[in-house]
2 protein chains.
Amino acid sequence: MENIIYGKNAITEALISGKREINKILISKNIHSDTKINKIKELAKEKGIIFQFVAKEKFLPYEEFNHQGIIAQVSPIHYMDLDDFLDTKGDGYRSLVILDGVEDSHNLGAIIRTCVCAGVDGIIIPSRRNVQVNATVEKTSAGAINHIPIIKVNSLVNAVQKLKNSDWWVVATDASAKDNYYDVRYDDMNFAIIMGAEHAGVSKSLLKLSDFIVKIPMLKDFNSLNVSNALSAIIFETVRQKLTNKK
Amino acid sequence: MENIIYGKNAITEALISGKREINKILISKNIHSDTKINKIKELAKEKGIIFQFVAKEKFLPYEEFNHQGIIAQVSPIHYMDLDDFLDTKGDGYRSLVILDGVEDSHNLGAIIRTCVCAGVDGIIIPSRRNVQVNATVEKTSAGAINHIPIIKVNSLVNAVQKLKNSDWWVVATDASAKDNYYDVRYDDMNFAIIMGAEHAGVSKSLLKLSDFIVKIPMLKDFNSLNVSNALSAIIFETVRQKLTNKK
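Since this is a predicted model, take the numbers as computed values, not measurements.

**What to know about the sheet that holds strand β2 (residues 22-28) of chain B**
Residue and element names in this part refer to chain B.
Reasoning step 1: The four strands lie next to each other as β1-β4-β2-β3, forming an open sheet whose pairing is mixed. Edge positions in the sheet fall to β1 (3-6) and β3 (51-54), since each has one partner strand and no second. Put simply, the sheet's adjacent strands are angled 25° from each other on average, direction ignored.
Reasoning step 2: As paired strands, β1 and strand β4 (residues 70-74) are joined by four bridges and run antiparallel to one another. Pairing of I4 across the sheet is with Q73, part of β4.
Reasoning step 3: Along the sheet, helix α1 (residues 8-17) contacts β1, β2 and β4; its crossing angle with β4, the most-contacted strand, is approximately 40°.
Reasoning step 4: Strands in contact with helix α2 (residues 35-46) are β2, β3 and β4; relative to β2, the strand with the most contacts, it is inclined by about 150°.

Written out as structure tokens, the structure is:
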């Protein structure tokens, strides 16, 4: 199946960002136009993108998605190369999030949203043993996917090694760590935060390479934070430090 | 349909906590036993709860759920009364999360998990215009629902008024607030944090009653954090303050 984006907000965001090549937009004849649909038609016209009103049968192949009667056929997402990312230097320090074994599409979508809001500069995912960017991820990210590079690597170990050789500091999360995530000072270095799978955590080989291993302290004996919520706690602590300059 | 819990982890948690009355556990004859299923059988035996192996057709009414071939028929969740909550005083200060118009079951499940991990003492939801605790919420909460009281009220305005009259401080979140969430000191008061609907935000009538209105600062012009991730950022800042005693 070709790549698709579904959902009014995700399609609007893709049109506005201009970062995805959109081949065609299909709108079901059975849905009523509303301000969001009109906005999409207007943007498509502006950018010379075809939109077609089609019978609802055309949507049968996409039944599994909550598509609201509108989909866009798009070019595959462009993954960035880690070397290219490291070559493009920005102003000041940069940050990355590394995902080691996140399997749920909704979690990846939520993580992408959080990272964009918190100004993270890129997300690294491995080419195996991790969910890839699919239509559900794009939908759940609410368009955030167009605002942050996704870097796909064959080996996370090599990627972390490369970061360490390029003046980056690596922070891994582990429930049995001694230090808390807010004990690290994030505002004076390039940092990459590694989040692990919900049950297995971060791989031993990556923990060994990390400069810091931190945990999120739990106030109850119930250690089961959803991975996107765990990341949110940590990443907004880095924002707080950047904006207030205190640990 | 009677109340059900589905998913091996959710059922195990319910058995361990003992907080839900379980009438019967149904296991599909078509699934293979594994350590989790064996643990469930063992716990059920211990507690004198019937479990039955049934033909997969028995699961047809539950098709919409990702039930993994096992469901538990349970008594409805017991919502706590706000007055009862306020009457039971704990040691030290307490905290609440108030949800004003959260509509997604997965979000409510993730919020419950986050609140339990962060030691929040209760969650207030309104009886209308907000998702209620359903089977998907129980599943997504990964059993956390058994570790925190859910308080249902007819009017959030009355509830907030009552809190304010009982030595509680109310913090509402709003994207256009001047103060950041970490500008408030949470470790020396009883506090309730109000989270709004993803698009509409917290109702005006509640904003007006609140003692503090705070925002999460965004480092990119993309203001669209998922509500459970927004809450996680704030609630773990309150944990950080409690544990380090500094703003």
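**Topic: the nonpolar core**
Reasoning step 1: Counting residues in hydrophobic clusters, the biggest one holds 148 residues, and the most contacted among them are V97 of chain A together with V97 of chain B.
Reasoning step 2: Ignoring sequence-local partners within four residues, the contact set of V97 of chain B consists of I111, C115, V120, I123, I193, M195 and L231 of chain B.

**A look at the sheet that holds strand β8 (residues 168-173) of chain B**
Residue and element names in this part refer to chain B.
Reasoning step 1: Strands sit in the order β7-β6-β5-β10-β8-β11-β9 across an open sheet of seven strands; the sheet is parallel. Each edge of the open sheet carries a strand with a single partner, namely β7 (150-153) and β9 (179-180).
Reasoning step 2: Taken together, the two bridges between β9 and strand β11 (residues 212-215) define a ladder with parallel strand orientation. Bridging from a neighbouring strand, D179 pairs with V214 of β11.
Reasoning step 3: Along the sheet, helix α6 (residues 156-164) contacts β5 (95-100), β6 (122-126), β7, β8 and β10 (190-196); its crossing angle with β8, the most-contacted strand, is approximately 135°.

**Brief notes about the relation of the copies chain B and chain A**
Reasoning step 1: Once chain B has been moved 0.0 Å along the axis and rotated by 180°, it coincides with chain A to within an RMSD of 0.0 Å. Both copies of the chain, as the preceding transformation shows, are related through a two-fold rotation axis. Minimal C-alpha separation from the rotation axis in chain B is found for A233 of chain B, amounting to 2.1 Å.
Reasoning step 2: The residues that chain B uses at the interface reappear at the interface of chain A in 100% of cases, marking a shared surface.

**Topic: unusual backbone geometry**
Reasoning step 1: In the Ramachandran plot, D167 of chain A falls in the positive-phi region, its phi being about 65° despite a non-glycine side chain.
Reasoning step 2: Looking at the secondary structure, you find D167 of chain A in the loop between α6 (156-164) and β8 (168-173).
Reasoning step 3: At Q68 of chain B, a residue that is not glycine, the phi angle is positive and equals roughly 55°.
Reasoning step 4: Residue placement: Q68 of chain B occurs in the loop between β3 and β4.

**Remarks on α6 of chain B**
Reasoning step 1: Considered for burial, the residues of α6 of chain B that qualify are L156, A159, V160 and L163 of chain B. Looking straight down α6 of chain B, one finds its buried side chains confined to an arc of 95°; they lie on one side.

**Some points on the interface of chain B and chain A**
Reasoning step 1: Taken together, the contacts link 29 residues of chain B with 29 residues of chain A.
Reasoning step 2: No other element matches the eight residues that helix α8 (residues 227-244) of chain B contributes to the side of chain B that touches chain A.
Reasoning step 3: Partitioned by chemical class, the residues of the side of chain B that touches chain A number 17 nonpolar, nine polar and three charged.

**Section: the environment of S155 of chain B**
Residue and element names in this part refer to chain B.
Reasoning step 1: Residue placement: S155 occurs in the loop between β7 and α6.
Reasoning step 2: Note on S155: 13 C-beta atoms within 10 Å, which makes it partly exposed.
Reasoning step 3: Here the alpha-carbon distance between S155 and R128, two residues 27 residues apart in the chain, equals 8.9 Å.

**A look at the environment of V202 of chain B**
Reasoning step 1: Within the secondary structure, V202 of chain B sits in the loop between β10 and α7 (204-209).
Reasoning step 2: A sequence separation of 25 residues divides V202 of chain B from V227 of chain B, and the C-alpha atoms of the two residues are 11 Å apart.

**Observations regarding the pairing of β8 of chain B**
The two faces of a sheet get side chains in turn, since along a regular strand they alternate between them.
Residue and element names in this part refer to chain B.
Reasoning step 1: Sheet analysis places β8 next to β10, joined by five bridges and oriented parallel. Directly across from V171, in β10, lies its bridge partner I193.
Reasoning step 2: Two elements, β8 and β11, share three bridges in a ladder whose sense is parallel. Pairing of A172 across the sheet is with I213, part of β11.

Reading the values: the criteria
- Residues numbered from 1 in each chain as written.
- Chains lettered and ligands numbered in written order.
- Predicted model: local features only at pLDDT ≥ 70, side-chain atom pairs only at ≥ 80, totals over all residues.
- Pairing = 2+ DSSP bridges.
- Helix = DSSP H or I, 4+ residues; strand = E, 2+ residues; numbered from the N terminus.
- Axes fitted to C-alpha atoms, helices over the stretch in contact; angles between N-to-C directions.
- Contact = placed C-beta atoms within 7 Å.
- Core = buried A, V, L, I, M, F, W, Y, C linked by C-beta atoms within 7 Å.
- Buried ≥ 20, exposed ≤ 12 C-beta atoms within 10 Å, placed from the backbone.
- Least-squares fit on C-alpha atoms with pLDDT ≥ 70 in both.
- Arc of directions from axis to C-beta.
- Nonpolar A, V, L, I, M, F, W, Y, C, P; charged D, E, K, R; others polar.

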